[in-house]
Every structure is written in structure tokens, then in C-alpha cells.
Amino acid sequence: VKKFRKDHWVLEGKGLIQYEDSSERRVVARYEVTGEVTRVSPRQVDVQVQSAAGPSVLSIKAVSAADLGRWQAALETPPPAALVKLDELRATLDALRAEAARAGEIPSTADAALLFQAKAKIAQLNGKLDKLQFAGIDSVVTSDIADDSLRAQAKAKRKKLNADVEDLRGAIVAMHTDLVQATGHLSPKAAAASTYYAPA
């Protein structure tokens, strides 16, 4: 285990410099942080690095847990923007799925107003789904993610999102078809004259 004090190790961007002592006159080794920082104990992290000797993992123990927390925060690499965006799109899709489920809960005694309202809501959801897929998911670029495993993870997330969008689209189309059939013999005037009021 390599022990460090802040004056023996210097962090410059993604570069780690190990000095012989606190005078910082003699450099022992230089490393470039290339991967994840894993906290293995309250005072120790494993850091994936690259040096002249090749790739390796440094196990660094801090003098205090507070020191380690600061180092870990500085060394952690934020996730690629594509992964962050895909997670946001997943949350949006989950919200649309829940919204579609609520819109499809139509009682058998529903009057004309409720049926026309549900039909309009389902059509609106389909438009939101199109926007999510074409302006959201399809716009996410994964080819510029340098890390192979993260790039593969992003591609898998995007593929699953597209599949789930198609599943939801199929459910929405089926609901809309049912509502078109249910309202085919009704006129919008009948819906307007109905005494049904949607809850706030």
C-alpha cells in the first residue's frame, strides 16, 4: 500500500506526481489517472493509472478520511455526457409509460366526454413519444466515448430505450384504435354536452 501525505503526492489535472519527501525536490514517479477511483475503505482508494512502466492500479492510503475524500472527489472522472443523457431519457420514458397507463384506465361506464378526452390524451402521448425518440434518443452520440466499456454500456442503454419506446408505441396505438372504435358513433357535440368534468 502506498501511503501519501498531501505534500508527497501532487495532483495536477489527471496527473499524479509522487515526491520523495515534503520538500518536493525529487520526483519518484509520475502517473496519469486513466480509469475509475474505487474507495475500498474509509481511508484507502484504488486508482487506475498509466505510467512509463505501463498500466497499473495504485492502492493509496490517506493520512485521514477527510484527506481521502478530497482526493477521491478530485480524481473521479464524471460519466460521459451520453450516459447522463440516456439516463435522463429513461426517466422521461418511464414517466410517459405511467401517463399512458393512467390514460388507459377508462371505466366501462365512461360517457362521451371521457372517451373523447382519453382519445386526445393518447394522441398527445404519441406525439411526446415521437419527440423523445427522434429528438432525444436518436440524437445521442456514443462514438466519441473513449472508454470501450462505457461506450458499449451507452450503446446497450440506447438500444434498450429504442426497444422500450416501440413497446410503448404499440400499446398507445392499440389504445387509440380502441378509442376510435368506441367514439366512432359519437359526435364531438355529444361530448361537449356531457355533464362529465375531468378531475383537476
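Residues numbered from 1 in each chain as written. Predicted model: local features only at pLDDT ≥ 70, side-chain atom pairs only at ≥ 80, totals over all residues. Heavy atoms only, no water.

(A) Representation of helix 3 (residues 112-136) within the structure. Look at helix 3: 35 Å from first C-alpha to last across 25 residues, which is about the 36 Å you get at 1.5 Å a residue. Considered for burial, the residues of helix 3 that qualify are Ala112, Ala113, Leu114, Leu115, Phe116, Ala118, Ile122, Leu125, Leu129, Leu132, Gln133 and Gly136. (Helix = DSSP H or I, 4+ residues; strand = E, 2+ residues; numbered from the N terminus. Expected span 1.5 Å × (residues − 1). Buried < 20%, exposed > 50% of the residue type's maximum accessible area, 1.4 Å probe, protein only.)

(B) Representation of the environment of Glu32. Within the fold, Glu32 resides in strand 4 (residues 27-41). The class for Glu32 is partly exposed, based on a relative accessible area of 45%. Separated by 15 residues in sequence, Glu32 and Val47 have C-alpha atoms that sit 9.9 Å apart. With sequence-adjacent residues up to four places away left out, Glu32 is seen in contact with Lys14, Gln48, Val49 and Gln50. (Contact = heavy atoms within 4.5 Å.)

(C) Region of interest: helix 4 (residues 148-183). The terminal C-alpha atoms of helix 4, which comprises 36 residues, lie 52 Å apart, in line with the 52 Å expected from a rise of 1.5 Å per residue. Along helix 4, the positions that sit buried rather than exposed are Ala154, Leu161, Asp164, Val165, Leu168, Arg169, Ile172, Leu179 and Thr183. Taken together, the buried residues of helix 4 touch helix 2 (81-103) and helix 3.

(D) Structural detail: the nonpolar core. Core analysis: the biggest nonpolar cluster contains 23 residues, and Leu89, Leu93, Leu125, Leu129, Leu132, Leu168 and Ile172 have the highest contact counts within it. Sorting elements by how many residues they give to this core places helix 2 first, with eight residues. The contact partners of Leu93, leaving out residues within four places of it in the chain, are Leu129, Leu132, Leu161, Asp164, Val165 and Leu168. Among the nonpolar cores identified, the runner-up in size contains 11 residues, and Tyr31, Val33, Val45 and Ile60 belong to it. (Core = buried A, V, L, I, M, F, W, Y, C linked by side-chain atoms within 4.5 Å.)

The quantities given are spatial measurements derived from coordinates; they are silent on function.
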